[in-house]
Each structure stands twice: as structure tokens, then as C-alpha cells.
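Each chain, letter by letter, is given below.
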Amino acid sequence: MSVPVSLAGRTALVTGASAGIGEAFARLLASQGANVFLVARREERLRMLANELEQEFGIRAEVCAVDLSRPGAAAEIVAAAERMRLDVDILVNNAGFAASKNFLNSDWAELNAEMQVMMTAVTELMHRFAPAMKERGYGRIINLASLAAFAPTAPSMLYTGIKAFVLNVSEAVDMELKPHGVFVTALCPGFTWSEFHDVQGTRELTDKLPDFMWHDAATVARAGLDAVMAGQPVCVPGVVNKTLAFTSRLLPERMRYMLGRAGRMVE
Ligand SMILES: NC(=O)c1ccc[n+]([C@@H]2O[C@H](COP(=O)([O-])OP(=O)(O)OC[C@H]3O[C@@H](n4cnc5c(N)ncnc54)[C@H](OP(=O)(O)O)[C@@H]3O)[C@@H](O)[C@H]2O)c1
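Residues numbered from 1 in each chain as written. Predicted model: local features only at pLDDT ≥ 70, side-chain atom pairs only at ≥ 80, totals over all residues. Heavy atoms only, no water.

Topic: the overall build of the protein
- The number of helices and strands found in the protein is ten helices and nine strands.
- On C-alpha atoms alone, the protein measures out to a radius of gyration of 18 Å, which is about the 18 Å that the 2.2 N^0.38 rule sets for 267 residues.
- With respect to the three principal axes, the spread of C-alpha positions in the protein is 50 × 35 × 35 Å.
- Residue pairs at least 24 apart in sequence account for 72% of intrachain contacts in the protein once pairs closer than 6 positions are excluded. (Helix = DSSP H or I, 4+ residues; strand = E, 2+ residues; numbered from the N terminus. Rg over C-alpha atoms; globule rule 2.2 N^0.38 Å. Contact = heavy atoms within 4.5 Å.)

Concerning the site of the ligand
- Close contacts around the ligand come from 31 residues, with S18, R41, R42, Y159 and S194 the closest.
- S194 is positioned with one of its side-chain polar atoms (N or O) 2.6 Å from an oxygen atom of the ligand.
- Elements with a contribution of two residues or more to the shell around the ligand: α1 (20-31), α5 (159-177) and α6 (196-200). (Near = heavy atom within 4 Å. Polar contact = N/O pair within 3.5 Å; in protein donor to acceptor, adjacent residues only side chain to side chain.)

Some details on the pairing of strand β3 (residues 61-65)
- With five bridges connecting them, strand β2 (residues 35-40) and β3 associate as parallel partners. Within β3, the position partnered with F37 by the bridge is E62. (Pairing = 2+ DSSP bridges.)

A word on the pairing of strand β4 (residues 90-93)
- Residue alternation in β4 divides its side chains into two sets, I90 and V92 and L91 and N93, and both sets are buried.
- In terms of strand pairing, strand β1 (residues 11-15) meets β4 through three bridges, oriented parallel. Bridge assignment links A12 to a residue of β4, and that residue is I90.
- Sheet topology places β4 next to strand β5 (residues 139-144); four bridges connect them, and they run parallel. Directly across from L91, in β5, lies its bridge partner I141.
- Crossover handedness for the path β4 to helix α4 (residues 108-136) to β5: right-handed. (Buried < 20%, exposed > 50% of the residue type's maximum accessible area, 1.4 Å probe, protein only. Right-handed = clockwise from strand over helix to strand, strands pointing away.)

Some remarks on a nonpolar patch on the surface
- On the surface, F212, V240 and L244 cluster together into a nonpolar patch covering about 270 Å² of accessible area.
- The residue L244 is located in helix α9 (residues 239-250) in this model. (Patch = residues over 30% accessible without salt bridge, like charges linked within 9 Å, V, L, I, M, F, W, Y side chains within 5 Å. Areas by Shrake-Rupley, 256 points an atom, 1.4 Å probe, with all protein chains shown as cover. Salt bridge = Lys/Arg side-chain N within 4 Å of Asp/Glu carboxyl O.)

A closer look at the pattern of salt bridges
- Under the defined criterion, the tally for this structure stands at 14 salt bridges.
- Between D174 and K178 there is a salt bridge whose closest N-O contact spans 2.9 Å.
- Judged by relative accessible area, D174 falls into the buried class, the value being 5%.

Focus: the sheet that holds strand β6 (residues 182-187)
- One open sheet accounts for seven strands, arranged β3-β2-β1-β4-β5-β6-β9; its pairing is parallel. Of all the strands in the sheet, just β3 and β9 (234-235) have a single pairing partner and so form its edges.
- Bridge count for β1 against β2 is five bridges, and the pairing is parallel. Counterpart to T15 in the pairing with β2 is V39.
- The strands touched by helix α3 (residues 73-83) within the sheet are β1, β2 and β3, with β2 carrying the most contacts at an inclination of about 150 degrees.
- Helix α8 (residues 217-229) contacts β5, β6 and β9 of the sheet and is inclined by roughly 145 degrees relative to β6. (Axes fitted to C-alpha atoms, helices over the stretch in contact; angles between N-to-C directions.)

As C-alpha cells, this is what we get:
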């Protein structure tokens, strides 16, 4: 499947564009003619990517280096977009990470940062950008959830709950805004090649997983963009992942709990 319409003249904001799935989204959107507004902490990486995309695709690419774990971050991004006169038509809430520690071994600051980056900033950016999208009668929002949103609670503490929230809130906002031309998709990939597992410190473990469990970031981004353009509220890329998501939802709660606990013991 491929993206059916040109995005020429549209502007796409991508958080977490300095690596992995976010970088793949930035490349894909620029290749479709969209101007891109790239957000992450590593400014140098964003600037290099922006220059490359401007030269390759002749689009406008702007950057905003911001730490989304800071409570004022979403407001700063909106202010930067206004200063640069960027009307955001497409929002990709992608930035994220997972801590791999147990609850009591995590500092409150770490747990709070996970919630700020993947729940508060995601929700706040939607809340701040969606009114103008609604007014213009056009908006596309992709929120990175995860296959974990369907899974039994996993060893890395808050992550499954956070991604279940992202899935849930994406569907709720989609229901409210779809009649106004603003489509929201929760993109729920499984294991994807990126820096994610290096940051989490689980690379050695995940490298043991078979190849068929993995997708590359470009495939995931393409699936997400196709889904939001088609007005699909939830997208799980890949047949294996779709099957896992489906069967996991059919399990009785007690069995989900036991599976989650077994995962914890393995850890
Ligand atoms: N990879 C997977 O297997 C997988 C599976 C399911 C879902 N996901 C989800 O997909 C999304 C993207 O992950 P990825 O695999 O592409 O990981 P990645 O390669 O590690 O990229 C994560 C991105 O998020 C940004 N980021 C992290 N913390 C940030 C902060 N405090 N402020 C601003 N930006 C921040 C990073 O940029 P800076 O470090 O430059 O700030 C980076 O650009 C995440 O939401 C993740 O939960 C990943």
C-alpha cells in the first residue's frame, strides 16, 4: 500500500525526529512534499537531517531542540511554530523511550519523565494543535503507541500502561474530531530497528529475537502514514504483530496477569 495523495504544501511536525521511527517519518513526509518541523533534544542531528531533506526534496525544514520531559515543552513548540509561521497540518507524536528498571529502583524523576514525554506532551500537543486543524477542516495526527499497548503488563514498569493510554486517548480524540476532517491514528509497532533498545539497555536480550519479529523504521512509518490517510484509528504493522495484538485481547484478565508475571520472573 502507498500514500494516495501528495502532501505538497502541508506542514508536518515530528517529535523524536533525531533517530529511528521519527527520522523515518521525517524522510517519508518530506519525500511526499510536506514541509517538516523536527523536534528532539539533539539539535545537531536535527539540523543535519533538515539540511539533507531541504536539499533532496526542495521542501522547507525547520528544527526545534527541546526536552519534552520538561512541563513547558509543548507550549515552547507551539510558540516556535508561530514564530516561524508554520501551520501544522500533520502531527506525529513519536518521541519516546522505555526505562527497564523495576518500580522502586527508578527515581521519581525518571518515571515522571516517561509520563511527561509519552503521555502529557502527546496529549498537550494534540490539544494545542488540533483546534487550528479543526478550523481548517484538515488534520492528521499519528501517536506512537506500541504492540505493548495490547500486551500483558511487561517488566519495564510504566511503559505498557503509558502505551495503553496513548492507544485509548488516540481513539477518543479521533472519535471527536473525525467529523471535522481531523483523523487520529494510534500506531502500534512491535520490535523495530532503531536506537530504542540501546537507550533502554536491552539490546543484548532483544538481539536474540528472530528476524521475523522485527520491522525497519521506514516500513513502520509508511504503515502509519497510510493508516492515518485512510482514517484508520489503530494501526498494527505486520501480520505477526496483528495476530499477537488480536489474540492478546481475547485472553482472560487472569491469564494476562499470569503471563505478565511470568515475564517479570524471566527478567
Ligand atoms: N523501537 C521499537 O521497538 C518500538 C516499538 C514500539 C513502539 N515504539 C515507540 O516508537 C517511538 C519512537 O521510538 P524509536 O524506536 O524510534 O526510538 P529511538 O530510535 O530511541 O528514538 C527516540 C526518539 O525520541 C526522542 N526523545 C527521547 N526522549 C526525548 C525527550 N525527553 N525530549 C525530546 N525527544 C526525546 C529521541 O531524540 P533525542 O534523544 O535527540 O531527544 C529520538 O529522536 C517511541 O514512542 C517508542 O515508544 C518503538
